[in-house]
Amino acid sequence: MMEVEEPLQTPPHTPSPSPSPAQVTPDASASSDAASPEPRDSPPERRASKKKKPEDPAASARLRLLTVVELCDTEKTHLQTLRYTVEAYLEPIRAQPLLLRGSAVRKIFHNVERVERVSELLCEALLSRVAVWSDSAGIADCFMPLLDKINSVYTSYMENYDKAIRKLFSCKQSNERFAAFLEEVKMRPASSLLDLESRLVTPVQRAPRYLLLLKEYLAHTPPTHSDYEPTTRVRAELEKMARTINESIKKQQNTEKLIELQKRIVNMPKEVRRTLMADHVLIREGPLLKDCRKMRKKRMFWLFSDCLMYGEQVGQSMYSYHRTLLLESAAVQSLADTPDTKNAFEIATSMVCPPPVYPLSTCKL
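Residues numbered from 1 in each chain as written. Predicted model: local features only at pLDDT ≥ 70, side-chain atom pairs only at ≥ 80, totals over all residues. Heavy atoms only, no water.

Next up on the list: the environment of V314. Note on placement: V314 falls in strand 5 (residues 307-315). With 48 residues separating them along the chain, V314 and V266 place their C-alpha atoms 9.1 Å apart. If sequence neighbours within four positions are ignored, V314 has contacts with V266, Y319 and S320. (Helix = DSSP H or I, 4+ residues; strand = E, 2+ residues; numbered from the N terminus. Contact = heavy atoms within 4.5 Å.)

Following this line, the structure appears as structure tokens:
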């Protein structure tokens, strides 16, 4: 039997060394210019003065150029990060076959060189355009020839990203030589203390950035401008990546939670640690009072998509692993309130990992 001491909480996202990308919603139309409704007795002249004035053409052209410069500068930074990933990590690992197996290298660095090449082509096109910029110039033709490559390369990268991070974490745990190599590269001055995870996430962050900057660019481009309609088409094509990006981000955030959780739980069996990273989704975590053999004790529970794991707190944010209940054959029954017990429930299951050391056909909590 278990008693709810306090409601289970959705696990807070624990910051990881890698930046956490924000999700992108296609066709987001929220405006920062929203204002409170005018009082009904507000004079017509006052209401008219509250309306947004058309942007001055000169100011619009200046802001448009600033957006293009920001797009160009951030693409250069993105390209530099990709090049460092290839030159400082991928190429040295390939040169040392005993450092990491080829299959692991391909999974961790999947498509990163193709992403680098596409970024290089886009960066060259944007730099050339900024060098000869004028009010009549545009950027749609910088993207148009690369749209198919951007979509295919980034989508493939997103679909593999969660697998890459899981594989990287697994190799760091099992391969001390590889972990030492990663730490040595991270501590180099050129690395700026950014680890490999922080560099592998940049393509995931870059795709949403294209959408935001193109939206800003269009906001300062008159609809009558020759580049307005082509850029609108470019942004519409890039928005097709948004769903894949969002799904990748959700998986990445869940993976970060699982990695962080493994760091907080000691004595976790290897088989549990291994299977925990295999498509489990952490839904909620929180403390419950559990009826043990002799007395009621406080335990920490983690609810996943297919199992319930619990353990005992042994330090600040640290826990000792106890057991995992598989939910496939579990039955949950609410128990009547008593003067001493409120909101109690019982879980019965015959599937326990690891199996109990004593004979027990059904495990009741």
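The rest of the description comes next.
What follows deals with helix 2 (residues 57-95). In a regular helix each residue adds 1.5 Å, so 39 residues correspond to 57 Å; helix 2 covers 56 Å between its end C-alpha atoms and thus fits that length. Along helix 2, the sharpest change in direction is near 30 degrees and occurs at V86. (Expected span 1.5 Å × (residues − 1). Bend = angle between axes of the 7 residues up to and from the residue.)

Working definition: two side chains of opposite charge can pair if their charged atoms are close together. Scanning the model with the defined rule gives 15 salt bridges in all. One salt bridge connects E285 with R264, and the closest N-O pair in it is separated by 3.9 Å. Linking E285 in strand 3 (residues 282-291) with R264 in helix 11 (residues 242-264), this pair joins segments that are 21 residues apart in sequence. Each member of the pair, E285 as well as R264, is classed as buried. With a closest N to O distance of 2.8 Å, D291 and R296 form a salt bridge. According to the relative accessible area criterion, D291 is partly exposed, its value standing at 25%. Through salt bridges with shared partners, a single network forms among R83, E116, R117 and E120. (Salt bridge = Lys/Arg side-chain N within 4 Å of Asp/Glu carboxyl O. Buried < 20%, exposed > 50% of the residue type's maximum accessible area, 1.4 Å probe, protein only.)

The next point concerns a positive patch on the surface. Taken together, R101, K107, K163, K167 and K251 make up a surface patch of like positive charges. Within the secondary structure, K107 sits in helix 3 (residues 102-108). (Patch = residues over 30% accessible without salt bridge, like charges linked within 9 Å, V, L, I, M, F, W, Y side chains within 5 Å. Areas by Shrake-Rupley, 256 points an atom, 1.4 Å probe, with all protein chains shown as cover. Lys, Arg positive; Asp, Glu negative; His and termini not counted. Charge placed at Lys NZ, Arg CZ, Asp CG, Glu CD.)

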